[in-house]
Amino acid sequence: MEKETIIRKTEQYVKARLEHDASGHDWSHIERVRRLGCWLAKQEGADLFIVEMAALLHDIADEKMAGSETNGMQAVQRWLWQLPLPTEESEHIVSAISTVSYKGGHGSPPQTLEAMVVQDADRLDALGAIGIARAFMYAGNRGHLLYDPALAVRETMTKEEYRHGRSTAIHHFYEKLLKLKDLLNTESAKKLAVDRHQFIEQFLRQFHREWNEASVD
Ligand code: ADP
Ligand code: NI
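Residues numbered from 1 in each chain as written. Chains lettered and ligands numbered in written order. Predicted model: local features only at pLDDT ≥ 70, side-chain atom pairs only at ≥ 80, totals over all residues. Heavy atoms only, no water.

> Whenever I open this one, the coordination of the nickel ion (ligand 2) confuses me. Can you help?
In a perfect tetrahedron of four donors around a metal, the angles come out at 109.5 degrees. In a perfect octahedron of six, they are 90 or 180 degrees. The nickel ion (ligand 2) binds to the protein through His29 (NE2), His58 (NE2), Asp59 (OD) and Asp122 (OD), with metal-donor distances spanning 2.1 to 2.7 Å. Residue class for His58 comes out buried when judged on its relative accessible area of 3%. (Donors = N, O, S within 2.8 Å, 3.2 Å for Na, K, Ca; no water. Buried < 20%, exposed > 50% of the residue type's maximum accessible area, 1.4 Å probe, protein only.)

> Would you explain the nonpolar core in this entry?
Note that soluble globular proteins tend to have their nonpolar side chains buried in a common cluster. Among the nonpolar cores identified, the biggest contains 57 residues, and Met53, Leu57 and Leu80 are the most heavily contacted of them. Among the elements that line this core, the one with the most residues is helix 3 (residues 48-57), at 8 residues. Residue contacts for Leu80: discarding those within four places in its chain leaves Met53, Leu57, Leu85, Ser90, Ile93 and Val94. (Core = buried A, V, L, I, M, F, W, Y, C linked by side-chain atoms within 4.5 Å. Helix = DSSP H or I, 4+ residues; strand = E, 2+ residues; numbered from the N terminus. Contact = heavy atoms within 4.5 Å.)

> Can you help me understand helix 5 (residues 69-81) in this one?
Think of an α-helix as turning once every 3.6 residues; residues three or four places apart then point the same way. Between its terminal C-alpha atoms helix 5 stretches 18 Å, which fits the 18 Å expected from 13 residues at 1.5 Å a residue. Tucked inside the fold, the buried residues of helix 5 contact helix 1 (3-18), helix 3, helix 4 (63-66) and helix 6 (87-98). (Expected span 1.5 Å × (residues − 1).)

> What should I look at first to understand the packing of aromatic side chains in this one?
Aromatic ring pairs are defined here through the distance separating the ring centres and the angle between the ring planes. Summed over all chains, the structure comprises 8 aromatic pairs. Ring plane angle 70° and centroid distance 6.0 Å describe the contact between Phe136 and Phe203, whose orientation is recorded as edge-to-face. Residue Phe136 is found in helix 8 (residues 128-142), and its partner Phe203 is found in helix 11 (residues 187-214); the two are separated by 67 residues along the sequence. Taking the relative accessible area as the measure of exposure, Phe136 reaches 26% and is therefore partly exposed. On the basis of an interplanar angle of 75° and a centroid distance of 4.9 Å, the ring pair of Tyr147 and Trp211 is categorised as edge-to-face. Within this pair, whereas Tyr147 is found in the loop between helix 8 and helix 9 (159-164), its partner Trp211 is found in helix 11, the two being separated by 64 residues in sequence. (Phe/Tyr/Trp six-rings, centres within 6.5 Å; stacked < 30°, edge-to-face > 60°.)

> What exactly am I supposed to notice about the site of ligand 1 here?
In the vicinity of ligand 1 there are 16 residues, among which His25, Lys64, Tyr102, Tyr162 and His172 approach most closely. Note that an oxygen atom of ligand 1 is positioned 2.9 Å from one of the side-chain N or O atoms of His25. Within the side chain of Lys176, an N or O atom sits 3.1 Å from an oxygen atom of ligand 1. Those elements that provide at least two residues to the shell around ligand 1 are helix 8 and helix 9. (Near = heavy atom within 4 Å. Polar contact = N/O pair within 3.5 Å; in protein donor to acceptor, adjacent residues only side chain to side chain.)

> Just to check I follow, could you spell out the packing of helix 2 (residues 27-44) against helix 7 (residues 113-124) for this structure?
Two quantities define a packed helix pair, namely the angle between the helix axes and the distance between the axes. For the pair helix 2 and helix 7, the least separation of the axes is 8 Å and the interaxial angle reads 135°. Between helix 2 and helix 7, the angle is such that the two are oblique. As helix 2 runs across helix 7, the sense of the crossing is right-handed. Contacts between helix 2 and helix 7 involve His29, Val33, Leu36, Gly37, Leu40, Ala41 and Glu44 on the former and, on the latter, Leu113, Val117, Val118, Asp120, Ala121, Asp122 and Leu124. (Axes fitted to C-alpha atoms, helices over the stretch in contact; angles between N-to-C directions. Parallel < 35°, antiparallel > 145°, perpendicular 65-115°, else oblique. Left-handed = near helix turned anticlockwise from the far one by under 90°.)

> Looking at this structure, how should I read the pattern of salt bridges?
When charged atoms on two side chains of opposite charge get close, those side chains can pair. A full pass over the atoms with the stated rule returns 8 salt bridges. The salt bridge partner of Arg134 is Asp125, with a shortest N-O separation of 3.5 Å. Take Arg134 and Asp125: they sit in the same class, and that class is buried. Put simply, Glu11, Arg34 and Glu52 are held in one network by salt bridges that share partners. (Salt bridge = Lys/Arg side-chain N within 4 Å of Asp/Glu carboxyl O.)

> Whenever I open this one, the environment of Leu80 confuses me. Can you help?
Among the structural elements, Leu80 can be located in helix 5. With a relative accessible area of 1%, Leu80 lands in the buried category.

> I tried to follow the packing of helix 3 against helix 6 on my own but got confused; where do I start?
Contact geometry for helix 3 and helix 6: axes closest at 9 Å, N-to-C directions at 50°. On the basis of their axis angle, the class for helix 3 and helix 6 is oblique. At the point where helix 3 passes helix 6, the crossing takes the right-handed sense. In contact with Phe49, Ile50, Met53, Ala54 and Leu57 of helix 3, helix 6 contributes Glu89, His92, Ile93, Ala96 and Ile97. Within the contact of helix 3 with helix 6, the residues separate by chemical class into 8 nonpolar, 1 polar and 1 charged. (Nonpolar A, V, L, I, M, F, W, Y, C, P; charged D, E, K, R; others polar.)

> Looking at this structure, I do not really get helix 8. What am I missing?
Between its first and last C-alpha, helix 8 extends 21 Å over 15 residues, near the 21 Å set by a 1.5 Å rise per residue. By the burial criterion, the buried members of helix 8 are Gly128, Gly131, Ile132, Arg134, Ala135, Tyr138 and Ala139. Buried residues of helix 8, seen end-on, are gathered within an arc of 165° and therefore sit on one face of the element. Summarising the contacts, the buried residues of helix 8 are in contact with helix 2, helix 4, helix 7, helix 10 (169-175) and helix 11. Following helix 8 by one or two positions, Gly143 has its phi on the positive side, about 75°. (Arc of directions from axis to C-beta.)

Have a look at this one:
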């Protein structure tokens, strides 16, 4: 089977599973991570096939989507095993996917250039205008508040607290999104992040300005 056919089949599989997601992990997110990942791969000299496959499959493995990390990784492995791929390629893809997620700072570091590229592409999609939009989709989907100034921003948290502790959409910017620019792996991604990070800062300034105006009577 041609590599191109493998990509197309994987695309169909992922699309069918994530099409109706309303928590910011929908098919359009996968397409952006894939496109950005392929672009970064070219800039950084990473293996394009591994990056494209890992980008396509990365949210199938997400514990938020699959119920648990184990379920998610198993689904990815089952999919890869029935494809005519050399074991080392499947393993490379699985390993890249397993290090994508942030997990409140508790993820394991990427082991290969391809893993770094996919992680950077996923993180860039959490920044900028799209990143802002996704954070509110996610918070709405989970029933979180827009904002609560009385709630402290958590500086450190366990993986469990990151996933299930009390937080708000705006808190997520301080607890994760503003940190991302310094956590990127590749130079090409760091350059792209500059604008997106600044846009988030500008958004937050305006948000707090309006919030405080609204509370003046
Ligand atoms: P993680 O690496 O934390 O698992 P994902 O990449 O799966 O994150 O997150 C998907 C999107 O949902 C990202 O844009 C992320 O910022 C957003 N998101 C994750 N957790 C929250 C949260 N508690 N509140 C708002 N947005 C969130
Ligand atoms: Ni993702």
